[in-house]
Amino acid sequence: MIPAAFDYIRAGSAEEALAALAEHGDEAKLLAGGHSLLPLMKLRLATPAVLVDIGRLDDLSYINDAGDHLAIGALTRHRDVETSALVQSQAGLLAEATSHVGDPQVRHRGTIGGSIAHGDPASDLPSVMLAMRATLVARGPGGEREIAIDDFFTGFLETALGDDELLTEIRVPKMPDATWGFQKFNRRAQDWAIVGVSAIVNNGNSGVGLVNMDSTPVRAAGVEAALSGGASASDAAEAAAEGTNPPSDLNAGPEYREHLARVLTRRALEAAGR
Amino acid sequence: MEVTVTINGGSHSHDVEPRTLLVHYIRDVVGLTGTNIGCDTSSCGACTIHVNGESVKSCTMLAVQADGQDLLTIEGLADGDVLHPMQESFRQCHALQCGYCTPGMVMAAVSLLDENPDPTEREVRIGLEGNLCRCTGYHNIVKAVLHCAEASS
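Residues numbered from 1 in each chain as written. Chains lettered and ligands numbered in written order. Predicted model: local features only at pLDDT ≥ 70, side-chain atom pairs only at ≥ 80, totals over all residues.

Draft legend 1. Layout of the interface of chain B and chain A. In this complex, chain B contributes 23 residues to the contact, which on the side of chain A involves 21 residues. Among the secondary structure elements, those contributing two or more residues to the side of chain B that touches chain A are strand E4 (54–57) and helix H3 (102–115) of chain B. By residue number, the principal contributor to the side of chain B that touches chain A is E4(B), which donates four residues. Grouping the constituent residues of the side of chain B that touches chain A by class yields eight nonpolar, 10 polar and five charged. (Contact = placed C-beta atoms within 7 Å. Helix = DSSP H or I, 4+ residues; strand = E, 2+ residues; numbered from the N terminus. Nonpolar A, V, L, I, M, F, W, Y, C, P; charged D, E, K, R; others polar.)

Draft legend 2. Region of the structure containing the nonpolar core. Core analysis: the biggest nonpolar cluster contains 84 residues, and Val52(A), Leu93(A), Leu94(A), Met132(A) and Ile200(A) have the highest contact counts within it. Here the element with the most residues in this core is helix H8 (residues 125–132) of chain A; it accounts for six residues. When near neighbours in sequence (up to four residues on either side) are disregarded, Val52(A) contacts Ile9(A), Ala11(A), Ala17(A), Ala20(A), Leu21(A), Ala28(A), Leu30(A) and Leu31(A). In this structure, Val16(B), Tyr25(B), Met105(B) and Cys133(B) belong to the second largest nonpolar core, which totals 48 residues. (Core = buried A, V, L, I, M, F, W, Y, C linked by C-beta atoms within 7 Å. Buried ≥ 20, exposed ≤ 12 C-beta atoms within 10 Å, placed from the backbone.)

Draft legend 3. Main features of helix H1 (residues 22–29) of chain B. Residue and element names in this part refer to chain B. Residues Leu-22, Val-23, His-24, Tyr-25 and Ile-26 constitute the buried set of H1. In this structure, the buried residues of H1 make contact with strand E1 (2–7). A positive backbone phi angle near 90° is found at Gly-31, which sits one or two residues after H1.

Draft legend 4. Examining the pairing of strand E3 (residues 48–51) of chain B more closely. Residue and element names in this part refer to chain B. The two faces of E3 match: Thr-48 and His-50 on one face and Ile-49 and Val-51 on the other face are all buried. By the bridge criterion, four bridges tie E3 to E4 in an arrangement that is antiparallel. When the sheet's bridge partners are listed, Ile-49 is paired in E4 with Val-56. Between the end of E3 and the start of E4, which pair antiparallel, lie two residues, with Asn-52 showing a positive phi angle near 50°. Alignment of E3 against strand E5 (residues 70–72), held across two bridges, turns out to be antiparallel. In the sheet register, His-50 faces E5, and the bridge partner there is Leu-72. (Pairing = 2+ DSSP bridges.)

Given below as structure tokens:
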């Protein structure tokens, strides 16, 4: 399978990438590691007229300790997140979930920013971002702005990023003492999660994000509310599917996904010591 | 667009369409057909090569993305007639049946041991999760990787 023809622009800097986006608008797509976009282009489900390659913007590949949070460059590869001692110690849930993204080859190329900006409800990392209440930084023609994760996922494969904006940084609150659990249910190695759950408990506050339970990545708000009201893990997990609208596909219908969400949430919470 | 890559130590320059997949460039333009195309959807790993020393599925990368990079394919692994230790381990352990997945398996396995020289059996199995063998010959493949790790230590 070969993608439809496109014009290729290799950005040498974030400014060049933004200029290309400004010129081509919604005709253009950003190419980072390409492990979400290229498969769609090969299936002709995406046919951008212009591809702006930001894969060489090494200044957007970093993991920094920024006081109360980790600042992770959008172009940091999964492999580098997974193996970072800083991420492992300050955001263990993120390191663990990242090690379940795709397979080693995918993690050598795919980037954290690309995965999040793709906005795929079946991806693992958005659930971590929701659970840990990350903040995203976008750069556009008007400068930089912060986007709270709860405002980021707006529709199926759609995000709050404008056509002229570039996701530059992911800010993950440091939680060295947090306990957490990550659950990913699939039938074969390297498959997408049929349902996945990220759960974290930090200083008595909990965060729970769900994979593949709606048309966007979603927070299990009912579970979080139950936990803050003192519910046990198994009681809180009963609320996991509340308010969700799970998809139906070859692997599972909505009812089975709701069941999985409850079971996996309970397991994730138990792993988090609740 | 002009692309210049190093493949197995040699420099190659060609004018390619931006949509050319790296695996097609390697096979059809450069003529190195040891890298196989299996699923063509970044699932099976048959097309695994190394880009700057790391395993990558070359069906999910554009040739233009590889411009200026250092590539290694299965043809570049052996030293003349002397097989790479991983190839030798695959031979010793009979780690192939039909052989179609083998180039990708070997390249993924070499990258795996580069990152984790002394893996457990479980780590080998997880480390090779991106490579499918439809003969289901996994048992001897895992054995070969462990054998290679042991022989190299």
